[in-house]
Each structure stands twice: as structure tokens, then as C-alpha cells.
2 protein chains.
Amino acid sequence: MESRIERICVEQGLKMTGQRRVIARVLSDAEDHPDVEELYRRASSLDSRISIATVYRTVRLLEERGILERRDFGGGRARYEPTEHGRHYHLIDVDTGRVIEFEGGEHDQLMARIAETLGFDLVSTRLEIYGRRQTAAVRPEAAGEAVELASPP
Amino acid sequence: MESRIERICVEQGLKMTGQRRVIARVLSDAEDHPDVEELYRRASSLDSRISIATVYRTVRLLEERGILERRDFGGGRARYEPTEHGRHYHLIDVDTGRVIEFEGGEHDQLMARIAETLGFDLVSTRLEIYGRRQTAAVRPEAAGEAVELASPP
DNA sequence: ATATGTGCAAAATGTTTGCTGTACG
DNA sequence: CGTACAGCAAACATTTTGCACATAT
């Protein structure tokens, strides 16, 4: 079946090769923020005839088309997630590398206003929180954590 | 004369070599956010007997000691600025690479509250705005712009 | 049929490191 | 005088690219 990202690629008139179809599927299925190495690993397991150069070229293409967003949470490798309309931000657990998404709320307008004040049109923003899990004793409750594993810093 | 950063180094008991003194001076005088290449260029012009490896080692050391802060505004190279107590954030002009600093205001508490809500102790935050200069016609005024030149994206 | 994409290996880029000699405290 | 630092070049990690071949439209 045609994956969500593949559908978007077709709509944009991109030539769909076998490799792109596989990478599109991997991206569509991803619920985390994989780096290129990880995308390559997942794609390879679906179809071993894929080179990492193709993964690099494909994520670059999809980013240019606005289909993917590149993230940099430190650690020197870029990570990717499908573009979502409806802003969200990221909290990164500095001990485990887990990434938790949260809604922007007031930040969006706040940043737009700052840009405006300084005489700029807002192009994009970046807001990340790096945190450490509170000890159980101190911690009241923790709901809806979009859990993901990444490499600790 | 002893530069501001050199004084801090001495206070922290760091061994002050000629090279470190020069790098400390360059950092003290910098009013922008230079990358290692640029620091190396400036340091070399003061004293040519400095290797780029030493610059890398020194900024790493100073960052570990909390004297410098590493920034990543995209473009793949780390940039540095002396630690200031009193948070500020950065707006990056996507066309020119200029960096403008602005005060955090409500963001600080807002992010602390988000971390708290998700069950985390806040370790650090990252907030950047990428913008494009408004056309003169649309633009009312623009006060106090901490101008800096960097490489366009 | 033709433009575009792919694989591979080599290059480019930014950063770190092993080793040997040097210099600060 | 001993420990930590500096210079150099080689190693490293990630990403890009040149070229010959393959494939989608």
C-alpha cells in the first residue's frame, strides 16, 4: 500500500523509484526522530539494495520540498521527522536521549511578536528544552509521554 | 593588560600559556559569535604561533568550565560566546547570517513550567528565531540591533 | 527516449587525538 | 622539575559528490 509520504511525493510530481518508496514508507511509519544512519538501517531491512548516499539525497530532497523537517538535538547528526502542520516542540531527556513532544501554546505568538518588534518577518523558530527526569519521590504524575530512544549525549 | 576571560581563567586556576592568553583576549574582545575558524584567524593575527588544534582544545576546556557557551545556529560549525549571567536569546537573519540578541522575558518561566509539567528538571533550553528583514515600507523602526556578520545559510 | 536517480568510492568538512617536544607553576 | 599544554599530522564522523550505470515517466 502507498504510504502517506509516498502519496505526498507523488502529489508533488516526484519520480518514485523503488528506493524512494521504501524510504517514504520508513518515514511514514516512524514515530520518532531518526537520524540518517537509523533510516538507512530500517530501509535496508525492507530492501537491502539501498545505499546510504541515496538516503542522504532523499532526505535532503524531501526537506527542500517541505515534506520533512530536519532537527538537530546535538550529538552531531541531523534527525528527521515528517512535517506536521500544527507546531510542536521537543523536550530531550539529557540522560537517555528520549524525546518528548509538547504543544507550543503561547510561544508561537510570543516569538512572532519578538521578530516583528525587531523588524523581521518570522521564517522559523527553534525551541527545545533539555531536562532530567525528576526523582520518583518528587514527581506527581507524567501523562502521555511520546517515548523514543536515542543516543545519550 | 589582562583580559576579562583571562582573569576568569586565572581565578579558576587554569594554567595560562601564551596561546591561552591570546585566545582569552580574542574572546573577551569578541562582540559576536565566532566559530573556531574565525577565532583561529583572529588569534593568529595577534600571535602566529597558534595552531587550530589548540583553539579547539581551548574552547572545549572553557566550555566545560562554564566560561564559554557553545551555540549552533546551523551551518555545521559550532560558535562560541562568553557566558553571560542573564539569559538572552538569538534572532538569526537567514539572508545575511546576522545575529541579534534579545531578552528572554516570559520564555524562561514558561519553559521551566513545561519541563515541570512533564516531570523533568530543567537542564537547559534553546530558543532561536530565524527571520528575514522586513521591507523598508512595512518597517516602523528597529532599535538597538547588536549587529554581527556571519555566513548566510 | 531522456531526464533523473542510484551505487560506489573518493572527497569534503568539522572536530578530535596520539605522539613528541615545550613551558607553566 | 613534573605535570599539563602545544604543534603537527593522522584519524574520525558525518555528509556530499563525480562518474558510470539503471530506471521512471
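Since this is a predicted model, take the numbers as computed values, not measurements.

A closer look at the protein's contact with DNA strand D
Link 1 in the chain: The environment of DNA strand D is made up of 20 residues, and the closest members are A:Y56, A:R77, B:Q19, B:R49 and B:T54.
Link 2 in the chain: What you see for DNA strand D is that sugar and phosphate hold 74% of its atoms within 4 Å of the protein.
Link 3 in the chain: Take A:Y56: an N or O atom from its side chain is 2.6 Å from a phosphate oxygen of DNA strand D.
Link 4 in the chain: Where the surface near DNA strand D is concerned, the elements lending two or more residues are α4 (52–64) of chain A together with α2 (18–29) and α4 (52–64) of chain B.
Link 5 in the chain: The leading source of residues in the surface near DNA strand D is α4(A), at 4 residues.
Link 6 in the chain: For the surface near DNA strand D, the per-class residue count stands at 6 nonpolar, 6 polar and 8 charged.

Let's talk about the protein's contact with DNA strand C
Link 1 in the chain: DNA strand C sits among 20 residues. The nearest are A:T17, A:Q19, A:R49, A:T54 and B:R77.
Link 2 in the chain: Within 4 Å of the protein, atoms of DNA strand C come from sugar and phosphate in 72% of cases.
Link 3 in the chain: Between a sugar or linking oxygen of DNA strand C and a main-chain N or O atom of B:G76, the distance comes to 3.4 Å.
Link 4 in the chain: If you list the elements that add at least two residues to the surface near DNA strand C, you get α2 (18–29) and α4 of chain A together with α4 of chain B.

Notes on the pattern of salt bridges
Link 1 in the chain: Applying the stated criterion to the full structure yields 30 salt bridges over all chains.
Link 2 in the chain: With its nearest N and O atoms 2.7 Å apart, the salt bridge here joins B:R42 to B:E38. Of this pair, B:R42 and B:E38 both sit in helix α3 (residues 36–46), separated by 4 residues, roughly a single helical turn.
Link 3 in the chain: When its relative accessible area of 25% is taken as the criterion, B:R42 is described as partly exposed.
Link 4 in the chain: One salt bridge in this structure joins B:R71 and B:E81, with 2.7 Å as the shortest N-O distance. Note that B:R71 is positioned in strand β1 (residues 68–71) and B:E81 in strand β2 (residues 79–82), a separation of 10 residues in sequence.
Link 5 in the chain: Its relative accessible area of 17% is what places B:R71 among the buried residues.
Link 6 in the chain: Residue classification places B:E81 among the buried positions, given a relative accessible area of 3%.
Link 7 in the chain: Residues joined in a network through salt bridges with shared partners are A:D32, A:E38, A:R41 and A:R42.

A few points about the relation of the copies chain A and chain B
Link 1 in the chain: Placing chain A over chain B gives an RMSD of 0.2 Å and needs a rotation angle of 179°, together with 0.1 Å of translation along the axis. Viewed as a symmetry operation, the transformation between the two copies matches a two-fold axis. Distance from the rotation axis, computed per C-alpha, reaches its smallest value in chain A at A:L127: 2.2 Å.

Let's talk about the sheet that holds strand β3 (residues 88–93) of chain A
Link 1 in the chain: Across the sheet, 6 strands lie side by side as β4(A)-β3(A)-β5(A)-β5(B)-β3(B)-β4(B); this open sheet has mixed pairing. If you trace the sheet from one side to the other, it starts and ends with β4 (99–103) of chain A together with β4 (99–103) of chain B, each paired once. In this sheet, neighbouring strand axes are inclined to one another by 25° on average, regardless of whether the strands run parallel or antiparallel.
Link 2 in the chain: When strand β5 (residues 120–133) of chain A meets strand β5 (residues 120–133) of chain B, the two strands line up antiparallel, connected through 13 bridges. Each bridged residue has a counterpart across the sheet, and for A:S124 the counterpart in β5(B) is B:Y130.
Link 3 in the chain: Against the sheet, helix α5 (residues 107–118) of chain A touches β3 and β5 of chain A together with β3 (88–93), β4 and β5 of chain B, its axis set at about 135° to β5(A).
Link 4 in the chain: Where helix α5 (residues 107–117) of chain B meets the sheet, it contacts β3, β4 and β5 of chain A together with β3 and β5 of chain B, and its direction lies at approximately 135° from that of β5(B).

With respect to the domain arrangement of chain A
All names here are of chain A.
Link 1 in the chain: According to the domain assignment, chain A contains domain 1 (4–84) and domain 2 (87–131).
Link 2 in the chain: A separation of 23 Å is found between the C-alpha centroids of domain 1 and domain 2.
Link 3 in the chain: If you look at the interface, domain 1 gives 8 residues, while domain 2 gives 9 residues.
Link 4 in the chain: Buried area between domain 1 and domain 2, summed over both chains or domains, comes out near 730 Å², and the portion from carbon and sulfur atoms is 42%.
Link 5 in the chain: Looking only at domain 1, the three residues that lose the most surface to domain 2 are H33, F73 and E84, adding up to 59% of its buried area.
Link 6 in the chain: Taken together, the links from domain 1 to domain 2 amount to 1 salt bridge.

Rules and cut-offs
Residues numbered from 1 in each chain as written. Chains lettered and ligands numbered in written order. Predicted model: local features only at pLDDT ≥ 70, side-chain atom pairs only at ≥ 80, totals over all residues. Heavy atoms only, no water. Near = heavy atom within 4 Å. Polar contact = N/O pair within 3.5 Å; in protein donor to acceptor, adjacent residues only side chain to side chain. Helix = DSSP H or I, 4+ residues; strand = E, 2+ residues; numbered from the N terminus. Nonpolar A, V, L, I, M, F, W, Y, C, P; charged D, E, K, R; others polar. Salt bridge = Lys/Arg side-chain N within 4 Å of Asp/Glu carboxyl O. Buried < 20%, exposed > 50% of the residue type's maximum accessible area, 1.4 Å probe, protein only. Least-squares fit on C-alpha atoms with pLDDT ≥ 70 in both. Pairing = 2+ DSSP bridges. Axes fitted to C-alpha atoms, helices over the stretch in contact; angles between N-to-C directions. Contact = heavy atoms within 4.5 Å. Domains from an automatic or database assignment. Buried area = accessible area lost by both parts, 1.4 Å probe.

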